[in-house]
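Now for the letters of each chain:
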Amino acid sequence: MTYVSHVRPRWTDMDVYGHINHAKLVTLLEEARIPLLFEGATEAGLEQLPKGIVVVRLEVAYKAPIVVSGQQLRIEIDLTELRAASFTLAYRVRTGSAADDPVAVTAETLLAPYDTVELRPRRLTPAESEFLKQGFADA
């Protein structure tokens, strides 16, 4: 299933052409996944996952510019791969807040849990893996 998040771009997210620039778009993707991966994980009693998740790889494909107009963007997120020490999220960023608004951007992030004490990547716990499966299944 698809997890849906709505984010509102800010005036400062625009480039000189009035479009959301690349760096700001990556921040919007991060803002879209925070409610599930950080707030949701904390509510589920998972203490380690919200303390450390790192982006291992990021791919972004632009299909159309996104103009800051004051409205929210709909960002749809799917869990496309779950491994022992990483998981992949795929994103569709729509030009507005509706499910039928055109897709302007697709993206993918490979994420890994990170041990902030040992300063190294770590494996997902069984509870974290189940949380991720359930979080996207319930979306």
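What you see is a predicted model, and the numbers here were worked out from it, not measured in a lab. (Residues numbered from 1 in each chain as written. Predicted model: local features only at pLDDT ≥ 70, side-chain atom pairs only at ≥ 80, totals over all residues. Heavy atoms only, no water.)

1. Some words on the nonpolar core
Then, in step 1: Core analysis: the biggest nonpolar cluster contains 30 residues, and Ile66, Ile75, Ile77, Phe87 and Leu89 have the highest contact counts within it.
Then, in step 2: Contributing elements (two or more residues each) for this core: strand 1 (3–7), helix 1 (22–43), strand 3 (73–82), strand 4 (87–94), strand 5 (103–115) and helix 2 (126–137).
Then, in step 3: Considering every element that reaches this core, the biggest residue donor is helix 1, with seven residues. (Core = buried A, V, L, I, M, F, W, Y, C linked by side-chain atoms within 4.5 Å. Buried < 20%, exposed > 50% of the residue type's maximum accessible area, 1.4 Å probe, protein only. Helix = DSSP H or I, 4+ residues; strand = E, 2+ residues; numbered from the N terminus.)

2. Re unusual backbone geometry
One can expect most non-glycine residues to show negative phi and most peptide bonds to be in trans.
Then, in step 1: In this model, leucine 119 sits at a positive phi of 55°, which is unusual for a non-glycine residue.
Then, in step 2: Following the sequence through the fold, leucine 119 ends up in the loop between strand 5 and strand 6 (120–121).

3. Topic: helix 2
Then, in step 1: With 12 residues, helix 2 ought to run about 16 Å at 1.5 Å a step, and its terminal C-alpha atoms sit 16 Å apart, in line with that.
Then, in step 2: If you check which residues of helix 2 are buried, you get Glu128, Ser129, Phe131, Leu132, Gly135 and Phe136. Mapping the buried residues of helix 2 onto a view down its axis gives an arc of 160°, with all of them on the same face.
Then, in step 3: On its buried face, helix 2 is in contact with strand 1, helix 1, strand 3 and strand 4. (Expected span 1.5 Å × (residues − 1). Arc of directions from axis to C-beta. Contact = heavy atoms within 4.5 Å.)

By themselves, these figures tell us nothing about what the structure is for.
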